[in-house]
Amino acid sequence: MSEVQSPLVEKKQTYEAPLVALVGAPNSGKTTLYNWLTGAHAKAVNYPGSTVDYMKGELAHHWKKNKINVLDTPGTYSLQAKSDDELVTQKILSSFDHELNPNYVVTVLDGTQLARHLILAEQIKLTGLPMLLAITMADLLKSQSIELDLEPLKKHFNCPVILIDGRLGGGVQELIEKFPQNSSIKNKSVIKNWSTEELDQKATWAEALAHEVFKKSDEKIPAIWNQTMKWDRLFLHPVGGTVSFVVIMTTLFSSIYYLAAPLMDQVDVLFAFISSWLLTLGPQNLFLDFLANGIVTSFGAVLIFVPQIFILFLGMGFLESSGYLSRAATLIDKPFSKLGLSGRSFVPFLSGYACAVPALMAVRNMSSERERWIARFIIPLLSCSARLPVYGILLALLFSESAAWIPGLVLAGLYIGSMLVSAFAAGILNKLIKQDKKSFFLMELPLFRRPRLNVILIQAWMKTKSFVTRAGPVIFVLTVILWIGTTFPNYQASDSEKIQTSYLGIMGQKIEPVFEPMGLDWRAGVGLIAAFAAREVFVSTLAVVYNVADENQEAGLLNAMKAAQFKDGQHIFTVASITGLIFFFMIALQCLSTVGIMIKESNSVKLAIIQLVLFNVVAYLIAVGLVQGLRAIGIS
Amino acid sequence: MMLLNQYDLVPGHSLEISDFQGSDDLLIERMHEMGLRIGVRLKFIRRAPFSGPFLFQLSTTLLALREEELACLKFKVL
C-alpha cells in the first residue's frame with residue numbers, strides 16, 4: 001500500500017465558512033443531493049490549471065444555517081485517479097490550498113450499489129478527513145420494502161450515516177445538522193493507494209458489510225432494475241436502439257436549432273434596436289457610433305449564443321440524468337473509436353452542427369485529455385448554422401437557373417462533406433497524438449430515472465452563465481477590434497465609402513493579389529476578412545462593398561454579385577470562383593467567437609492560433625487549387 | 001467450460017471471471033475498483049450495435065466493456 005500525502009500534514013483552516021465536499025461514484029445521486037443543499041446558489045468552477053468543471057455553492061438560505069460552502073466534486077470510483085476529472089477529486093481531498101481542501105466530506109453511496117461503493121467510502125475514511133455517509137436511492141429501496149440496518153456502517157466508519165430520498169429530499173435536513181459550524185479544523189489528508197489484491201480483500205469485506213446492512217434482504221434489489229432492463233431491451237437493441245438513438249438525437253438537435261432560432265432572432269432584433277436607437281440620440285459622431293456599432297454589437301455577439309447554449313445543456317442534462325446518455329455513448333462507441341474517440345464524445349460533435357461555441361463547451365464533459373484535444377481541433381470543421389446564409393447566397397448564385405432541388409441536394413452534400421472532412425482530420429490527429437493509456441470506455445449504465453426539472457434547469461443556467469463570463473470578454477474585445485478596423489480612419493464617410501477606405505478596406509486592396517488566385521477581387525476579400533466576426537457577416541459586408549441599396553437585399557446582392565466585374569470586364573463570381581468560395585467556407589475557421597472560446601476552453605492561445613492559421617491556410621490552398629483546376633479544364 | 005475468447009460469448013451466458021490477463025495495469029485496477037475480480041459472476045446480455053461494447057450484468061448493475069477491455073478478462077461458463 002502506498003500513500004499520496006498532502007504537502008502540509010497538519011494545517012489549520014482559517015476560512016470563516018466551512019467547506020463541505022460531496023464525493024461519490026458517477027450516478028450515485030451526488031448532484032441531486034448537491035441541488036437539495038444549495039438550491040440555485042451555485043457556480044461552475046475549475047480546479048486551478050484544469051478545465052474540468054465542478055460545482056461550488058453556498059448552503060441555500062432556507063436551511064437557515066450559517067454560511068457553509070458546498071463542493072460537488074467530479075464523480076470517481078476511487079481516489080486512485082485514472083482520468084482528469086477523477087484527478088480533480090483526488091486533488092481536492094489532498095489539497096494544500098485552504099480554499100479547496102474541505103473541512104468535511106459527505107461520501108455519497110448509491111444504496112442499490114452499496115457493496116461496490118463502500119470501497120470508495122473506506123478509502124475516504126483513511127484520508128483522515130471528518131466525514132459522514134449519505135446513502136441515496138432510499139425511495140427505490142423503500143419501494144421494494146428493503147430495510148437497512150445502519151448500525152454496522154456507523155460502527156465501522158465511526159461517523160453519522162443518513163438515508164437520502166433524492167425525490168422528496170428526505171434526510172437532507174438531518175444531514176445538514178451534522179455539518180461543522182466553523183472551519184478551524186485541523187486535518188490530515190492522506191490518500192491510500194491499494195494494490196489489486198488489497199482491492200479484492202476490500203471488496204470481499206464490503207460485500208459482507210452490505211449484506212449485514214440489508215439484513216439479508218439484498219436479493220430484493222434486482223427488482224429495482226426490472227423497469228430499466230425492459231427499457232434497455234429497446235435502447236440497446238441493434239435495430240430499436242439505433243432507431244431510437246436517431247429519433248432522440250434528431251429531436252435534441254433540431255430543438256437546439258428550431259427552439260433557439262426565434263430566441264436568437266429576438267436577441268438580434270433587440271440589439272439592432274438598441275443600436276439604431278443610440279444612433280438617433282444625436283448627430284452622427286464617433287462616440288455614438290462606437291456605442292452603437294462597437295459596444296452594443298459586441299454585447300449582441302456574445303449574448304446571441306445564450307439561447308442555443310441553454311437549450312443544448314438543458315437537453316444534455318435531461319438525457320444524462322435520465323440515464324440515456326450512457327446508452328447513447330455505448331451505441332455510438334464503435335464508429336467513434338475508429339477516429340480515436342469514445343462514444344462519450346458524440347454530443348459535442350452533433351451540437352457542432354448547430355454552433356461550434358456550445359459544442360466546444362460540451363467538450364469539457366469528455367474525460368480523456370487526448371479526446372478533448374481531437375474534439376476541440378475538429379469541431380470548427382463541422383457545418384455550423386452560421387455557414388448556412390453563406391452557402392445560401394453562393395448556391396443561389398451558382399444554381400440560379402436550376403430546379404430548387406439541385407441546390408438543396410448540394411447543400412446536403414456540403415453537410416456530409418463537412419462530416420467527412422472532420423472525420424479525416426480526426427483520423428490524422430488520431431495517428432499523430434500519442435495514445436492516452438488512461439482512457440477507458442469501461443462504464444456503468446445507470447438506472448433509468450425521471451429527471452428532476454429544477455436540477456437540470458439550474459445546471460443549464462450555470463453552464464450558460466459560465467459561457468458569458470468566460471468567453472464573453474474575449475468575444476467582446478475581438479469584435480471591438482473588428483469595428484475599429486472597419487470604421488477608421490474615414491469614420492465620417494457613408495457606409496460604403498467608410499468600409500472601402502477603412503484599415504480593413506485598405507488592407508483588402510493591398511492584399512488583392514492574395515485573393516486573385518481564388519478568382520476574387522479586393523471587395524470579396526474584404527468580405528472574407530469581415531467574416532471573421534461571424535461567417536454570416538460575409539453576406540452583409542458584400543452588400544455594403546458592392547453598394548446594394550435594394551429593399552430585398554438578397555435579390556439585390558445576387559444581381560450585384562452577378563454583375564460584379566474585374567477592371568478588365570471579366571465576371572468575378574463564376575462557377576470556378578463560387579465553388580472555390582464554398583470549399584473555403586467549408587474548411588476555414590472564420591469565427592472570432594470560436595477562437596475566443598477555444599482560448600478559454602483549451603487554456604492555450606497557441607492551440608487557438610495554430611488552428612486559426614492552419615484551417616485558413618488549408619482552406620485557401622484548396623480554394624485556389626479548385627479555382628485554378630476548374631479553369632484549366634475550361635470551366636471558368 | 002473455459003472460454004477461449006470473447007467471440008465465444010452467447011447472450012444469456014452466465015460467466016465467472018477466472019483470471020486477468022494483459023499488461024494494462026491501470027485498466028485492470030479500474031476493473032477491480034468497479035467490482036470485477038476473480039470469482040465474480042456476470043451475465044452476458046448482448047453486444048451493442050455496430051459491433052460495439054459488450055454489455056454484462058454484474059449483480060445489480062450493467063457494465064459496458066470495449067472488445068480490447070474485455071480481452072483483459074478470462075471467463076468460465078457456468
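Before going further, it helps to spend a moment on the overall build of chain A. In terms of regular secondary structure, chain A is built from 28 helices and 12 strands. Counting the 636 residues in chain A, one finds 56% classified as buried. For chain A, the share of sequence-separated contacts (at least 6 apart) that also reach a separation of at least 24 residues comes to 74%. Total accessible area on chain A stands at roughly 26900 Å², and carbon and sulfur atoms take up 63% of it.

On to the confidence of the model for chain A, then. Residues with a pLDDT of 70 or more make up 89% of chain A, whose mean pLDDT is 83. This stretch, residues 4–14 of chain A, has a pLDDT under 50; its non-local contacts, to residues over four places away or in other chains, come to 38 contacts.

Another point: helix H11 (residues 306–322) of chain A. Residue and element names in this part refer to chain A. With 17 residues, H11 ought to run about 24 Å at 1.5 Å a step, and its terminal C-alpha atoms sit 24 Å apart, in line with that. Burial analysis of H11 places 12 of its 17 residues in the buried class, the great majority of the element. Restricting attention to buried positions, one finds in H11 the residues Val 306, Pro 307, Gln 308, Ile 309, Ile 311, Leu 312, Phe 313, Gly 315, Met 316, Gly 317, Leu 319 and Ser 322. With its phi angle positive at about 100 degrees, Gly 323 sits one or two positions after the end of H11.

With respect to the secondary-structure elements, Glu 29 of chain B resides in helix H1 (residues 25–33). Other than its neighbours up to four places away in sequence, Glu 29 of chain B contacts Gln 80, Lys 82, Trp 194, Thr 196 and Leu 199 of chain A.

The next thing to look at is the sheet that holds strand S3 (residues 54–58) of chain B. Spatially, 6 strands are ordered S12(A)-S4(B)-S3(B)-S2(B)-S1(B)-S5(B) in an open sheet, and the strand pairing comes out antiparallel. Of all the strands in the sheet, just strand S12 (443–445) of chain A together with strand S5 (73–77) of chain B have a single pairing partner and so form its edges. Between one strand axis and the next, the sheet turns by 45 degrees as a mean value, whatever way the strands run. Here S12 of chain A pairs with strand S4 (residues 61–65) of chain B via 3 bridges, running antiparallel. When the sheet's bridge partners are listed, Leu 445 of chain A is paired in S4 of chain B with Leu 62 of chain B. Relative to S12 of chain A, helix H12 (residues 324–337) of chain A is tilted by about 125 degrees, and along the sheet it contacts S12 of chain A together with S3 and S4 of chain B.

All names here are of chain A. That bond from Phe 488 to Pro 489 is cis: its omega, 5 degrees, falls within 30 degrees of zero. Tracing the backbone through its elements, the reader meets Pro 489 in the loop between helix H19 (472–487) and helix H20 (495–500). The residue Met 137 is not glycine, and still its phi comes out positive at about 65 degrees. With respect to the helices, strands and loops of the structure, Met 137 is situated in the loop between strand S8 (131–136) and helix H4 (138–143).

With that settled, consider the packing of helix H17 (residues 405–432) of chain A against helix H26 (residues 575–587) of chain A. Residue and element names in this part refer to chain A. At a minimum axis distance of 10 Å, the contact between H17 and H26 shows a crossing angle of 50 degrees. The orientation of H17 relative to H26 falls into the category oblique. Between H17 and H26 lies a crossing of right-handed hand. Of H26, the residues touching H17 (which contributes Leu 414, Gly 417, Ser 418 and Val 421) are Ile 582, Met 586 and Ile 587. Its residues placed into classes, the contact of H17 with H26 shows 5 nonpolar, 2 polar and no charged.

A few words now on the interface of chain A and chain B. With 42 residues of chain A in contact, the opposing surface of chain B contributes 30 residues. Together, the buried faces of chain A and chain B total about 3400 Å²; carbon and sulfur atoms form 62% of this surface. In this structure, Lys 82 of chain A engages Glu 33 of chain B in a salt bridge whose closest nitrogen and oxygen atoms are separated by 2.8 Å. Inspection of the region where chain A meets chain B yields 15 residue pairs in polar contact (both at pLDDT 80 or more). Those elements giving two or more residues to the side of chain A that touches chain B turn out to be helix H7 (196–213), helix H8 (226–235), H12 and S12 of chain A. Considering each element in turn, the side of chain A that touches chain B owes the most residues, 7 residues, to H12 of chain A.

Residues and elements named next belong to chain A. Inspection of the secondary structure puts Asn 430 in helix H17. Look at Asn 430 and you get buried, because its relative accessible area is 16%. Residues within four places of Asn 430 in sequence aside, it is in contact with Lys 338, Leu 339, Gly 340, Arg 370, Ile 374 and Gln 435.

Another aspect to go through is a nonpolar patch on the surface. Taken together, the side chains of Phe 583, Ile 610, Leu 614, Val 618 and Ile 622 of chain A present a nonpolar region at the surface, about 360 Å² in accessible area. Examined against the element boundaries, Phe 583 of chain A turns out to sit in helix H26.

Thresholds, definitions, all that
- Residues numbered from 1 in each chain as written.
- Chains lettered and ligands numbered in written order.
- Predicted model: local features only at pLDDT ≥ 70, side-chain atom pairs only at ≥ 80, totals over all residues.
- Heavy atoms only, no water.
- Helix = DSSP H or I, 4+ residues; strand = E, 2+ residues; numbered from the N terminus.
- Buried < 20%, exposed > 50% of the residue type's maximum accessible area, 1.4 Å probe, protein only.
- Contact = heavy atoms within 4.5 Å.
- Areas by Shrake-Rupley, 256 points an atom, 1.4 Å probe, with all protein chains shown as cover.
- pLDDT = per-residue confidence, 0-100.
- Expected span 1.5 Å × (residues − 1).
- Pairing = 2+ DSSP bridges.
- Axes fitted to C-alpha atoms, helices over the stretch in contact; angles between N-to-C directions.
- Parallel < 35°, antiparallel > 145°, perpendicular 65-115°, else oblique.
- Left-handed = near helix turned anticlockwise from the far one by under 90°.
- Nonpolar A, V, L, I, M, F, W, Y, C, P; charged D, E, K, R; others polar.
- Buried area = accessible area lost by both parts, 1.4 Å probe.
- Salt bridge = Lys/Arg side-chain N within 4 Å of Asp/Glu carboxyl O.
- Polar contact = N/O pair within 3.5 Å; in protein donor to acceptor, adjacent residues only side chain to side chain.
- Patch = residues over 30% accessible without salt bridge, like charges linked within 9 Å, V, L, I, M, F, W, Y side chains within 5 Å.

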